[in-house]
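Coordinate inspection notes
Read off the chains here:
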Amino acid sequence: MILTTRARAYVNFGRWISDCPRQCGNAIALEAGQTSFFCPPPGGCGHIADVEWPSDPQGIWEALAPRPPKHRNWFPAEHSLAVKAGCPSGQTVADLIEESKANGVA
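Treat the numbers as computed from the prediction; the structure is a model and nothing was measured.

**Let's talk about the overall build of the protein**
- Looking only at helices and strands, the protein features three helices and six strands.
- Start at the N end of the protein and walk to the C end: the helices and strands fall as β-β-β-β-β-β-α-α-α.
- Sequence separation of 24 or more characterises 42% of the internal contacts of the protein that already satisfy a separation of 6 or more.
- Split by element, the accessible area of the protein, about 6100 Å² in all, is 54% carbon and sulfur.

Here it is, written out as structure tokens:
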């Protein structure tokens, strides 16, 4: 697991999202390219952080697009949720396309 003070963008059920880097348990939806993360009270801790995006977010989004929303998921390398759930992480666009083909989606 990689610990960071930056909010790490990932795709969950077809939406870009990030968990609070302070690990308060809050997560927020992100707009593509959003550069800052704010963990809003009262449910969140008020933390502000930079957002860390993958190198090709548009390619990831396009590779996931043919899948049903509940299967549109992507995690950066060693993301804590992926590690806990045993899900793939750090997949490339090519990896996602191959995964979709293997599952009869693309």
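Text resumes after the structure shown.
**Notes on the environment of glycine 25**
- By secondary structure assignment, the location of glycine 25 is in the loop between β3 (15–19) and β4 (27–29).
- For glycine 25, a relative accessible area of 76% translates into the label exposed.
- Through-space distance from the C-alpha of glycine 25 to that of cysteine 45 is 9.1 Å; in sequence the pair is 20 residues apart.

Conventions we followed
- Residues numbered from 1 in each chain as written.
- Predicted model: local features only at pLDDT ≥ 70, side-chain atom pairs only at ≥ 80, totals over all residues.
- Heavy atoms only, no water.
- Helix = DSSP H or I, 4+ residues; strand = E, 2+ residues; numbered from the N terminus.
- Contact = heavy atoms within 4.5 Å.
- Areas by Shrake-Rupley, 256 points an atom, 1.4 Å probe, with all protein chains shown as cover.
- Buried < 20%, exposed > 50% of the residue type's maximum accessible area, 1.4 Å probe, protein only.

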